[in-house]
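# Structural overview for review
This is what each chain is made of:
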Amino acid sequence: MRCVFVTRDRFPSSMYKKLEEVGRVEVYPYGESPWSTRGVPKEVLIDAARRCDALVIYIGDLVDKEVLDAAERLKIVSTVSVGVDHIDVEYAKRRGVAVAHTPYVLVDAVADLAVGLLIAVARKIALGDRLIREGRASPVWGSLMGVDLKGKRAGIVGLGNIGVAVARRLLAFGMEVVYWSRRRKPEVEFALGIKYVELDELLSTSDFVVVALALTPETERFFDREKFGKVKRGAFFINVGRGRLVDTEALLEALEDGRLAGAALDVFDVEPLPPGHRLAKLDNVVLTPHIGSAAVETRERMAELAAENVVAFFRTGKPLYAV
Ligand code: DGY
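All of these numbers come straight from a predicted model, not from anything done at the bench. (Residues numbered from 1 in each chain as written. Predicted model: local features only at pLDDT ≥ 70, side-chain atom pairs only at ≥ 80, totals over all residues. Heavy atoms only, no water.)

When its secondary structure is counted, the protein chain shows 12 helices and 12 strands. Along the first, second and third principal axes, the C-alpha set of the protein chain runs to 65 × 50 × 35 Å. In the protein chain, which comprises 323 residues, the proportion classed as buried is 54%. Considering only contacts in the protein chain between residues 6 or more positions apart, those separated by 24 or more positions represent 58%. Per element, the accessible surface of the protein chain, about 14,600 Å² overall, is 53% carbon and sulfur. (Helix = DSSP H or I, 4+ residues; strand = E, 2+ residues; numbered from the N terminus. Buried < 20%, exposed > 50% of the residue type's maximum accessible area, 1.4 Å probe, protein only. Contact = heavy atoms within 4.5 Å. Areas by Shrake-Rupley, 256 points an atom, 1.4 Å probe, with all protein chains shown as cover.)

Among all positions of helix 2 (residues 42-51), only Val44, Leu45, Ile46, Ala48 and Ala49 are buried. Buried residues along helix 2 sit against strand 1 (3-6), strand 3 (54-57) and helix 3 (65-69).

Structurally, Gly39 is set in the loop between strand 2 (24-27) and helix 2. Along the primary structure Gly39 and Ala98 are separated by 59 residues, whereas in three dimensions their C-alpha atoms are 20 Å apart. For Gly39, the residues in contact, after removing those within four places along its chain, are Arg8, Gly60 and Asp61.

What follows concerns the sheet that holds strand 11 (residues 260-265). Pairing is parallel across the open sheet formed by 7 strands, whose spatial order is 8-7-6-9-10-11-12. The open sheet has two free edges, formed respectively by strand 8 (195-196) and strand 12 (285-287), since each of these has just one partner strand. Sheet analysis places strand 7 (residues 176-180) next to strand 8, joined by 2 bridges and oriented parallel. Along strand 8, the bridge assignment pairs Val178 with Lys195. (Pairing = 2+ DSSP bridges.)

A few words on the packing of helix 5 (residues 107-122) against helix 7 (residues 161-172). Across the interface, helix 5 lies against helix 7 with an axial gap of 8 Å and an inter-helix angle of 50°. The angle between helix 5 and helix 7 falls in the class oblique. Helix 5 and helix 7 meet at a crossing whose hand is right-handed. Where helix 5 approaches helix 7, its residues Val107, Asp108, Val110, Ala111, Asp112, Ala114, Val115 and Leu118 are matched on the opposing element by Asn161, Ile162, Ala165, Val166, Arg169 and Leu170. Of the residues in the contact of helix 5 with helix 7, the class split is 10 nonpolar, 1 polar and 3 charged. (Axes fitted to C-alpha atoms, helices over the stretch in contact; angles between N-to-C directions. Parallel < 35°, antiparallel > 145°, perpendicular 65-115°, else oblique. Left-handed = near helix turned anticlockwise from the far one by under 90°. Nonpolar A, V, L, I, M, F, W, Y, C, P; charged D, E, K, R; others polar.)

Under the defined criterion, the tally for this structure stands at 32 salt bridges. Between Lys42 and Glu66 there is a salt bridge whose closest N-O contact spans 3.0 Å. Linking Lys42 in helix 2 with Glu66 in helix 3, this pair joins segments that are 24 residues apart in sequence. (Salt bridge = Lys/Arg side-chain N within 4 Å of Asp/Glu carboxyl O.)

Shown next, in the form of structure tokens:
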């Protein structure tokens, strides 16, 4: 009988039920919220790769060469995420292991959060909340003066599905939207009325830089000192992609020397962000703990889709969404 190994014990129950259609489901007693980005121990993944036919994982669970080398029975890794930077996809392919993910279903949730973060940092919402709770809300006028969105330029870096959904939303706020992406998308430019610009132009002219890039070996630390040096003085930086797209030290410098007016970050190079981190000491930074897709309906759909990928793979030879 097939064995399907799931690294979390509290995913929506419909997921485990679906997986039972194709095998015996083994569940790791993870214990905390399944949506924690703390990965399960390497030995657990190695053991599962050796004994099981399918692995269902979440971000933070690192399926690297070492795990894949142990894959004796493993045929598919299905992640409950769109991002696959925690999986060595190329090596998996070489080892004959399929990789599946959950695109599309989280696009709106992540775009909603990106816009929420943008407004939160532009209008100092999180700071206002903090000041009230700490009994420091008065006088508010100086420290809580934000900036308008209307008429401002938003530069989206990475125009995948999430980037497009962010663009749609920002246009509704009366913002001008430009983008840079590895692949130009004339059909989206035409449909939405947004403009492609070179990256340097985007950085030097945008009031809000919104990062929605995928993390790949080529985009690791994409935002380095040089790129932050090109950003328009007084711009805001929003990241809903991956933390490792950004050199955090360079971001901190840009914030501390005032080049950036603020940043709003859902993702970090190390997650969870260690307590007392320098980013958490800055009043002009809004932080959320990788909750881009954390809406009940979206996460349920992601969990189901990860299971459907496994079921489709064993029934037809192909997951619904192969990477
Ligand atoms: C993803 O799907 O890649 C998100 O970052 C996790 O929710």
